[in-house]
Amino acid sequence: MNVPFQKREEGWWVVIGDTKSNSLLSIKRLTLQQKAKVKLDFVAPNPGRHSYVLYFMSDAYMGCDQEYKFSVEVREADSGSEESGSESD
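Run through the sheet that holds strand β2 (residues 23–30), naming residues and quoting values.
Across the sheet, which stays open at both edges, the 4 strands sit in the order β2-β1-β3-β4 with antiparallel pairing between neighbours. The strands lining the two open edges of the sheet, one partner per strand, are β2 and β4 (66–74). In this sheet, adjacent strand axes meet at a mean angle of 20° when their direction is disregarded. Two elements, strand β3 (residues 48–58) and β4, share 9 bridges in a ladder whose sense is antiparallel. Bridge pairing in β4 links F56 to Q66.

This is the structure in structure tokens:
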């Protein structure tokens, strides 16, 4: 059988993980040209400080995965604020 070679686009997985609960909060695959801007959405946890890890994982190259620890502070919503679902950049 002759199977032609198909060039596959190199991709990166961008993942937010919670190491305490061993769970993924958000995941997205992207292809990089020079620069990329990516938005990962996830549900806010209970109020308090939460630590997560941001992973960059290549699906084409071994040994170039990266991880960055970060934390977020979640506060109670103001009682006078509306949840409109829109945001400003």
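So that's the structure; there's more coming.
Tell me what's going on with the pairing of strand β1 (residues 12–18), and back it up with residues and numbers.
Of all the 7 residues making up β1, 6 are buried; the element is thus mostly covered by neighbouring parts of the structure. Bridge count for β1 against β2 is 7 bridges, and the pairing is antiparallel. If you follow W12 over to β2, its bridge partner there is L30. Hairpin connection between β1 and β2: a loop of 4 residues separates the two successive antiparallel strands, and N22 in this loop has a positive phi of roughly 55°. Direction of pairing for β1 relative to β3: antiparallel, over a ladder of 6 bridges. Residue pairing in the sheet places I16 in a bridge with L54 of β3.

Quick one: what's the story with the packing of aromatic side chains, residue by residue and with numbers?
The full count for this structure, using the stated rule, is 3 aromatic pairs. Aromatic side chains F42 and Y52 sit 5.7 Å apart centroid to centroid with 70° between the ring planes, which places their arrangement in the edge-to-face category. On the criterion of sequence distance, the pair formed by F42 in the loop between β2 and β3 and Y52 in strand β3 is long-range, its members being 10 residues apart. Ring centres of F56 and Y68 lie 5.9 Å apart, and the angle between their planes is 75°; this geometry places the pair in the edge-to-face category. Taken together, the residues F56 in strand β3 and Y68 in strand β4 connect sequence positions 12 residues apart. By relative accessible area, Y68 is classed as partly exposed at 42%. Aromatic rings pair up to connect F42, Y52 and F70 into one cluster.

Calculation rules
- Residues numbered from 1 in each chain as written.
- Predicted model: local features only at pLDDT ≥ 70, side-chain atom pairs only at ≥ 80, totals over all residues.
- Heavy atoms only, no water.
- Pairing = 2+ DSSP bridges.
- Helix = DSSP H or I, 4+ residues; strand = E, 2+ residues; numbered from the N terminus.
- Axes fitted to C-alpha atoms, helices over the stretch in contact; angles between N-to-C directions.
- Buried < 20%, exposed > 50% of the residue type's maximum accessible area, 1.4 Å probe, protein only.
- Phe/Tyr/Trp six-rings, centres within 6.5 Å; stacked < 30°, edge-to-face > 60°.

None of the figures reported here should be taken as evidence of function without further support.
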